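Spelled out from the first residue to the last, the chains are:
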Amino acid sequence: MTHAVNLPPPALLLVGCGNMGGALWDGWRECDAIAPSVVLDRHRASVPTPHHLARTPQDIPPDFRPDFVVLAVKPAKAEDAIALISSCLDGTTLLSVMAGRSCASLREAAARHGATVSVVRAMPNTPASIGQGVTGIFADHDVSPTRREQALSLLRAVGGVAPVTHERQLDLVTAISGSGPAYVFLLAELLEKAGIDRGLPPETARLLARGTVSGAGALLAASSAESHVLRENVTSPNGTTARALSCLMAPNAWPASIDEAITAAAERAAELAR
Ligand SMILES: NC(=O)c1ccc[n+]([C@@H]2O[C@H](COP(=O)([O-])OP(=O)(O)OC[C@H]3O[C@@H](n4cnc5c(N)ncnc54)[C@H](O)[C@@H]3O)[C@@H](O)[C@H]2O)c1
């Protein structure tokens, strides 16, 4: 994917504005990355002007011509959503953020409604809502250079972007960074619980756990050091951290469970594709 300059921000039809669609929407609005756009979701309360909320497809302004239709519904709802908005689809680029829905399956679903679309698949994550997401992206062979560049710009507006060259690699992206924030939030939950279980006041345990996860994340982001070096900087020989890491780094502990978790998530993404 090459860089182009001065492309106008695209107009979007965002279909599905829940956890992920909403995170992207917040991130895009925050940095003015989009032209006047339409959000289609019956559960959304409002969207600010100049954008437009459609609770049903009939609410989409008849003259609205999106550059991208962003599909952010659950994978099992993809066909329904495509059927509902088929009249807006022809000639657009579908930007799907759904796990495990292939470019081919989405192109075919659109074709069943008489629409020709090109497809870009992206796997973002929820920190996109504060401009700190990371997204794996794959553009199908027939996506024009302009649309590729616009899709890249959209996703760069909400964080880091990692293009992949083979569509199947998105299953691993999903397992590592799409689902990844959940693993980190789980760590915060478990640290907080460990503090409470051992007698710390709940507010103290919460402050320590959240501050540690967010502070370590911020240090990782700000530092050029490798993550193992940052870990070693905390670990005095024969000290407290070394004792804790001897539990966590035992071969049957985190190395095994992270490995198992990533394999399980990637397999699930592949299953969804079938
Ligand atoms: N949640 C994440 O962290 C995350 C990360 C990466 C990718 N994804 C992908 O994003 C997609 C959405 O996941 P989510 O967690 O945001 O789910 P969600 O349930 O929070 O959001 C889905 C939204 O779609 C709306 N919707 C359902 N059918 C619709 C239709 N026909 N027309 C318009 N809107 C419709 C729902 O009202 C809901 O607000 C999934 O395909 C998932 O694989 C999610």
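Rules behind the numbers
- Residues numbered from 1 in each chain as written.
- Predicted model: local features only at pLDDT ≥ 70, side-chain atom pairs only at ≥ 80, totals over all residues.
- Heavy atoms only, no water.
- Helix = DSSP H or I, 4+ residues; strand = E, 2+ residues; numbered from the N terminus.
- Buried < 20%, exposed > 50% of the residue type's maximum accessible area, 1.4 Å probe, protein only.
- Contact = heavy atoms within 4.5 Å.
- Areas by Shrake-Rupley, 256 points an atom, 1.4 Å probe, with all protein chains shown as cover.
- Lys, Arg positive; Asp, Glu negative; His and termini not counted.
- Charge placed at Lys NZ, Arg CZ, Asp CG, Glu CD.
- Near = heavy atom within 4 Å.
- Polar contact = N/O pair within 3.5 Å; in protein donor to acceptor, adjacent residues only side chain to side chain.
- 1 Å grid on protein atoms, 1.4 Å probe; cavity = no way out; pocket = protein on both sides within 12 Å on 5 of 7 lines; lining within 4 Å.
- Sits in = over half its atoms within 2 Å of the grid points.
- Nonpolar A, V, L, I, M, F, W, Y, C, P; charged D, E, K, R; others polar.
- Patch = residues over 30% accessible without salt bridge, like charges linked within 9 Å, V, L, I, M, F, W, Y side chains within 5 Å.
- Salt bridge = Lys/Arg side-chain N within 4 Å of Asp/Glu carboxyl O.
- UniProt positions renumbered as here; feature names shortened; annotations may be inferred.
- Axes fitted to C-alpha atoms, helices over the stretch in contact; angles between N-to-C directions.
- Left-handed = near helix turned anticlockwise from the far one by under 90°.

Participant: Is there a simple way to explain the overall build of the chain in this structure?
Facilitator: A count of helical and extended segments in the chain gives 11 helices and eight strands. Buried residues in the chain amount to 39% of all 274 residues. Across the chain, the fraction of contacts at a sequence separation of at least 24, relative to all contacts at a separation of at least 6, is 62%. For the chain, the exposed area adds up to about 15,000 Å²; of that, 57% sits on carbon and sulfur atoms. In the chain, 23 side chains carry a positive charge and 26 a negative one; their mean positions are 2 Å apart.

Participant: Could you clarify how one ought to interpret the site of the ligand in this entry?
Facilitator: The ligand sits among 20 residues. The nearest are Asn19, Met20, Asp41, His43 and Val73. Contact between the ligand and Val73: an oxygen atom at 2.6 Å from a main-chain N or O atom of the residue. A distance of 3.2 Å separates an oxygen atom of the ligand from a polar side-chain atom of Lys74. For the ligand, whose free accessible area comes to 830 Å², the fraction covered by protein is 82%. Among the cavities detected, the one that contains the ligand is the second largest pocket. Of the residues in the shell around the ligand, the class split is 13 nonpolar, five polar and two charged.

Participant: Quick question: what am I supposed to make of a nonpolar patch on the surface here?
Facilitator: Together, Leu187, Leu191, Trp254 and Ile258 give the surface a local cluster of nonpolar side chains, amounting to about 350 Å² of exposed area. Broken down by secondary-structure element, the contributors of at least two residues to the nonpolar patch are helix H7 (180-197) and helix H11 (254-273). Note that Ile258 resides in helix H11. Among the residues examined, Ile258 registers a relative accessible area of 46% and is labelled partly exposed.

Participant: Which parts of the structure should I look at to understand the pattern of salt bridges?
Facilitator: Once their charged atoms are close, side chains differing in charge can pair, the charge on each being opposite to the other. This structure, assessed with the given rule, holds eight salt bridges. Here Arg112 ties to Glu79 by a salt bridge, and the two come within 3.8 Å at their closest N and O atoms. In this pair, Arg112 is assigned in the loop between helix H4 (103-111) and strand S6 (118-123) and Glu79 in helix H2 (residues 78-84), connecting sequence segments 33 residues apart. Owing to a relative accessible area of 57%, Arg112 belongs among the exposed residues under this scheme. Here Glu79 falls in the partly exposed class, since its relative accessible area comes to 30%. Here Arg107 and Asp140 are joined by a salt bridge, their closest N and O atoms 2.6 Å apart.

Participant: What should I look at first to understand the UniProt feature "domain: Pyrroline-5-carboxylate reductase dimerisation" (unreviewed entry) in the chain in this one?
Facilitator: Under the feature "domain: Pyrroline-5-carboxylate reductase dimerisation" (unreviewed entry), the UniProt entry names residues 167-272. The span residues 167-272 shows a helical share of 80% and a strand share of 0%, and its end C-alpha atoms are spaced 14 Å apart.

Participant: Teacher, can you tell me more about the packing of H7 against helix H8 (residues 202-222) here?
Facilitator: Two numbers describe a pair of packed helices, the interaxial angle and the distance between the axes. One can describe the packing of H7 onto H8 by two numbers: an axis separation of 8 Å at closest approach and a directional angle of 150°. When you trace H7 past H8, the crossing you get is right-handed. Contact residues: H7 offers Val184, Leu187, Ala188, Leu191, Glu192, Gly195 and Ile196, while H8 offers Pro202, Ala205, Arg206, Ala209 and Val213. Its residues assigned to classes, the contact of H7 with H8 comprises nine nonpolar, one polar and two charged.

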